[in-house]
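Letter by letter, the chains look like this.
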Amino acid sequence: MSRSFLDIREHGFARTAVCVPRGRVADPVHNADAHLAALAAVHTAGAHYAVCPELGLTGYSCGDLFFQETLLVGALAALERVARATAGWNLLLSVGLPLVLDDRLFNCAVTLYGGRPVAVAPKAYPPNYREFYELRWFQPAAAARSRTIDLLGHAVPFGTDVLVRLPALPGFVLHTDICEDIWAPVPPSTLAALAGATVLANLSASNITVGKWEYRQELVRGSSAKNLAVQLYSAAGFGESTADLAWDGHGLIAERGELIAETERFALQGTHALADV
């Protein structure tokens, strides 16, 4: 059999991955290293797309450090390092970090390919109830006036309605959203699926409470079923602050109502999961 015949892309499949790197709060240099180690592992395993956790390049639980210019500049430097290190890889990937646009701070998912950003999705519904205080730091996506953002020297589409197509993978149409967005009554991913998205990725920092991991499974499975799509979900794990919350680093991949891959929870060194979809 030829090498091309053994390539899963020849048969309508794509290899997807969820990565849960070991993080460190407010340490973009360390987090860039951890992301690259996890991404290298799934790239070596043949992944075509990989998603990492929400605010992974800074840590989710930075609190008021999100107001510090040092952290924001460090996050951009970490993004540039990840972009440069993966420039030669045939891997589409999404990472999370805070970004400033229109003099406002947004919780964003940045999708990279070939060493440059191709899409930026701000969080549509920052939660502000129970243990969550995100509106203290971040604006919802609707507060943005601009439709593009200048990032790493490129004008990049910015919004919750941006779809990314991979020409080498016919039928692969990616949409990203962030944590609370998938828990909302009408997630941005549902509107994206109606517009043609076939792969939905959620960057999350979901903390752990009693029974929450089971609800996540149902949430991810249900999203993939109702949207007739692939749903990927990557949550923050070990290394986040445990001052108020606990973290289990839950990664999931579901396709059309079936849960087909899941990471080990509470993995101290980080973890990942792969699935052909």
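Look above for the structure.
Parameters at a glance
Residues numbered from 1 in each chain as written. Predicted model: local features only at pLDDT ≥ 70, side-chain atom pairs only at ≥ 80, totals over all residues. Heavy atoms only, no water. Salt bridge = Lys/Arg side-chain N within 4 Å of Asp/Glu carboxyl O. Helix = DSSP H or I, 4+ residues; strand = E, 2+ residues; numbered from the N terminus. Buried < 20%, exposed > 50% of the residue type's maximum accessible area, 1.4 Å probe, protein only. Pairing = 2+ DSSP bridges. Contact = heavy atoms within 4.5 Å. Axes fitted to C-alpha atoms, helices over the stretch in contact; angles between N-to-C directions. Phe/Tyr/Trp six-rings, centres within 6.5 Å; stacked < 30°, edge-to-face > 60°.

Let us now look at the pattern of salt bridges. By the definition in use, this model includes 12 salt bridges. One salt-bridge network, held together by shared partners, links E54, K123 and E134.

On the secondary structure map, G171 appears in the loop between β8 (164-165) and β9 (173-178). Classification of G171 by relative accessible area gives exposed; the value is 55%. Along the chain, G171 and T198 lie 27 residues apart, while their C-alpha atoms are 7.2 Å from each other.

The next point concerns the sheet that holds strand β12 (residues 251-255). In space, the six strands of this open sheet follow the order β8-β9-β10-β11-β12-β13, with mixed pairing throughout. Of all strands in the sheet, those bounded by a partner on one side alone are β8 and β13 (258-262). The sheet strands contacting helix α6 (residues 212-226) are β10 (199-203), β11 (230-234), β12 and β13, and the helix crosses β12 at an angle near 30 degrees.

Attention now goes to the packing of aromatic side chains. Overall, the coordinates contain seven aromatic pairs when judged by the stated rule. Each ring, one from F66 and one from W137, has its centre 6.0 Å from the other, and the planes form 55 degrees; the classification is tilted. Here W137 lies in the loop between β5 (116-122) and β6 (148-151) and F66 lies in the loop between β2 (49-51) and α3 (69-85), a separation of 71 residues in the sequence. The two residues F66 and W137 agree in class, both being buried. Arranged with centres 5.3 Å apart and planes meeting at 25 degrees, the rings of W183 and Y215 form a pair that is stacked. Here the residue W183 occupies a position in helix α4 (residues 180-183), and Y215 occupies one in helix α6, the gap between them amounting to 32 residues. Exposure remark for W183: the relative accessible area of 26% places this residue in the partly exposed category. Taken together, the ring pairs connect F66, W137 and F138 into an aromatic cluster.

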